[in-house]
Amino acid sequence: MLSYRHGYHAGNHADVLKHLVLLGLLQRLLSKDKPFTYIDSHSGAGVYDLNSAEARLNTEHASGISRVWHSRSDDPLLSLYVGRVRALNEDGRLRWYPGSPMLAADCLRAEDHMHLLELHPAEVEELRFNHLHGLGTDDRVSIHQRDAFEGLLAITPPEPRRGLALIDPAYEDKQDYQKVVNTVLKLQRRWPVGIVAVWYPLLARQRDRSAWLKSAFARENLPDLLSIELSVEEQAEDFGMHGSGMLIINAPWQFREQMQATLGALMKELSAGCSFTIDSPGSVVTRG
Ligand SMILES: C[S@@+](CC[C@H](N)C(=O)[O-])C[C@H]1O[C@@H](n2cnc3c(N)ncnc32)[C@H](O)[C@@H]1O
């Protein structure tokens, strides 16, 4: 079952959170003069047209990037992120939104490597097209049409060993929660130095699922575990997703403090009903 297409959701509040965290983690990897590997287990199409029929169906970007992209914040991470979006929309009209592969591709140096995994044939085709026309024909980038959970384990530990895996399932299939936990535990054993960032939704009607995922991670005593959640106003019944979170393993030093400042700055751009929490599952919660 592969009915999910990210084009319907591109640039929403969940993308804003996920892509801020992604850029923040990539900046940490870039801060050392040593190569790294980036793995995107669920890559999507790479870049999205917000004028497409899919994006216009629910205009989900209205609660996300549309509110943020004019930000003049001096928070370095927030300005880096909005700068990337502005660079794609040079005429000052928001039309193109970068997916995680494109945001990461812009960070790669000569010795860095990127693996992009995606199963949906149409998304892979678009990713290859974007790879060729937007991301450049590039031998630092490998595109794999394969299952994320199987593929992720097959290509780890990667070379270079330093690096980051983003795990961003659509959770269309509720088995994905269990698959995420099983895969992350195996991944951690194979690749203990890898930073792992897992996205998850906060669902109005299935609140127990995100709580289950967090407690499954908390029980495993994973190193430097951080959970960062962004909640927006409750949406109309049929939307269901009132926020999202990121679970990070091997979170870099003072990443919590950095995200606290960035999400604090983000709150000034989003609507009044938004809030965030940062915690190390099993310990102290920081609210904003
Ligand atoms: C939330 S979207 C990815 C968005 C992208 N990471 C970004 O931030 O721009 C999830 C993607 O996972 C793909 N997908 C779903 N099941 C998959 C699987 N088992 N293996 C690989 N990709 C899968 C979907 O086709 C979809 O493109």
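Right, let's walk through the structure included here. Not measured: the values here are computed from a predicted model. (Residues numbered from 1 in each chain as written. Predicted model: local features only at pLDDT ≥ 70, side-chain atom pairs only at ≥ 80, totals over all residues. Heavy atoms only, no water.)

## A few points about the overall build of the chain
Assigned secondary structure in the chain consists of ten helices and eleven strands. Its C-alpha atoms give the chain a radius of gyration of 17 Å, within 12% of the compact-globule value 19 Å for 288 residues. Each principal axis of the C-alpha atoms in the chain carries an extent, and together these give about 45 × 40 × 40 Å. The buried share among the 288 residues of the chain stands at 58%. Long-range pairs, those at least 24 residues apart, make up 77% of the contacts in the chain between residues at least 6 apart in sequence. (Helix = DSSP H or I, 4+ residues; strand = E, 2+ residues; numbered from the N terminus. Rg over C-alpha atoms; globule rule 2.2 N^0.38 Å. Buried < 20%, exposed > 50% of the residue type's maximum accessible area, 1.4 Å probe, protein only. Contact = heavy atoms within 4.5 Å.)

## Description of the packing of aromatic side chains
For the structure shown, the criterion picks out two aromatic pairs. Seen from their ring centres, Tyr-171 and Tyr-177 are 4.5 Å apart, and the 35 degrees between their planes marks the pair as tilted. Each member of the pair, Tyr-171 as well as Tyr-177, carries the same accessibility label: buried. Centre to centre, the rings of Tyr-171 and Trp-199 are 6.1 Å apart; their planes meet at 45 degrees, and the pair counts as tilted. Note that Tyr-171 is positioned in the loop between strand E6 (163-167) and helix H8 (175-190) and Trp-199 in strand E7 (residues 195-203), a separation of 28 residues in sequence. One exposure class covers both Tyr-171 and Trp-199, and it is buried. Ring pairs connect the aromatic residues Tyr-171, Tyr-177 and Trp-199, which therefore count as one cluster. (Phe/Tyr/Trp six-rings, centres within 6.5 Å; stacked < 30°, edge-to-face > 60°.)

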